[in-house]
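# Residue-level structure breakdown
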Amino acid sequence: MFNNVGDPIEGFLVLECHPERAPVTVATHQCLGNAEEESMVLNEMAEGTEFTFVVRETFGCIVETV
């Protein structure tokens, strides 16, 4: 993620992970706490299914959401 002048900023992704598929971006956040909270809620909702939600740091990478 980048700021309005193109400098990399710290950002976090919430990814939906399936056992046999590539992870899918669900959300982006600039705050780790917000990303962790969303991941926790989504994992509670997905309990009993085959997929999970995880948080990853973007390290200034450009990320396209689905």
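All residue numbers here refer to positions counted from 1 along the written sequence of the relevant chain. Two thresholds apply to this predicted model, a pLDDT of at least 70 for residue-level local features and 80 or more for giving and counting side-chain atom pairs, whereas whole-chain, interface and lining totals are computed over all residues. For the side-chain quantities, the full set of heavy atoms in the structure was used; hydrogens and water were omitted.

### Some remarks on helix α1 (residues 32-45)
Helix length check: α1, at 14 residues, gives a terminal C-alpha distance of 20 Å against a target of 20 Å (1.5 Å per residue), a fit within 8%. Exposure is judged per residue with a 1.4 Å probe applied to protein chains only, and the accessible area is read against the type maximum: over 50% gives exposed, under 20% gives buried, and values in between give partly exposed. Here a helix means four or more residues in a row that DSSP labels H or I, a strand means two or more in a row labelled E, and each is numbered from the N terminus. Turning to α1, its buried residues are Ala35, Ser39 and Leu42. Seen from one end, α1 has its buried residues packed into an arc of 70°, which puts them on one side. In what follows, residue pairs with any heavy atoms lying within 4.5 Å of each other are defined as contacts. Close packing links the buried residues of α1 with β1 (12-17), β2 (24-29) and β3 (52-57). Given the number of residues in a helix, its expected span is that number minus one, multiplied by 1.5 Å. Within this analysis, the arc is defined by the directions that extend from the helix axis to the C-beta atoms.

### Notes on the environment of proline 23
In this fold, proline 23 is placed in the loop between β1 and β2. Taking the C-alpha atoms as reference points, proline 23 and threonine 52, separated by 29 residues in sequence, lie 9.8 Å from one another. Those residues within four positions of proline 23 in sequence are excluded, and the remaining contacts are Leu15, Glu16 and Cys17.

### Overview of the side chain of glutamate 16
On the secondary structure map, glutamate 16 appears in strand β1. We treat Lys and Arg as the positive residues and Asp and Glu as the negative residues; His and chain ends play no part in the count. Note on definitions: salt bridges are taken to be side-chain nitrogens of Lys or Arg within 4 Å of carboxyl oxygens of Asp or Glu. Of the side chains with opposite charge, arginine 21 lies nearest to the buried glutamate 16, which makes no salt bridge, at 5.2 Å. Engagement of the side chain of glutamate 16 in a polar contact is seen with the side chain of histidine 18, the distance being 2.7 Å. For glutamate 16, the contacting residues outside a window of four places in its chain are Pro23, Val24, Val26, Phe51, Thr52 and Phe53. Whenever a nitrogen or oxygen atom comes within 3.5 Å of another N or O atom, the pair is scored as a polar contact, on the condition that within protein one atom can donate a hydrogen and the other can accept it, and that pairs from neighbouring residues in sequence are kept only if both atoms are in side chains.

### Notes on the sheet that holds β2
In short, DSSP must find at least two bridges between two strands for them to pair. Within the open sheet, the three strands sit side by side as β2-β1-β3. Their pairing is antiparallel. Edge positions in the sheet fall to β2 and β3, since each has one partner strand and no second. When the angles between neighbouring strand axes are averaged without regard to direction, this sheet yields 25°. In this structure, β1 lies alongside β3, joined through six bridges in antiparallel fashion. Considered in β3, the bridge of leucine 13 is made with arginine 56. Simply put, an axis is a line fit to the C-alpha atoms, just over the touching stretch for a helix, and the angle between two N-to-C directions goes from 0 to 180 degrees.

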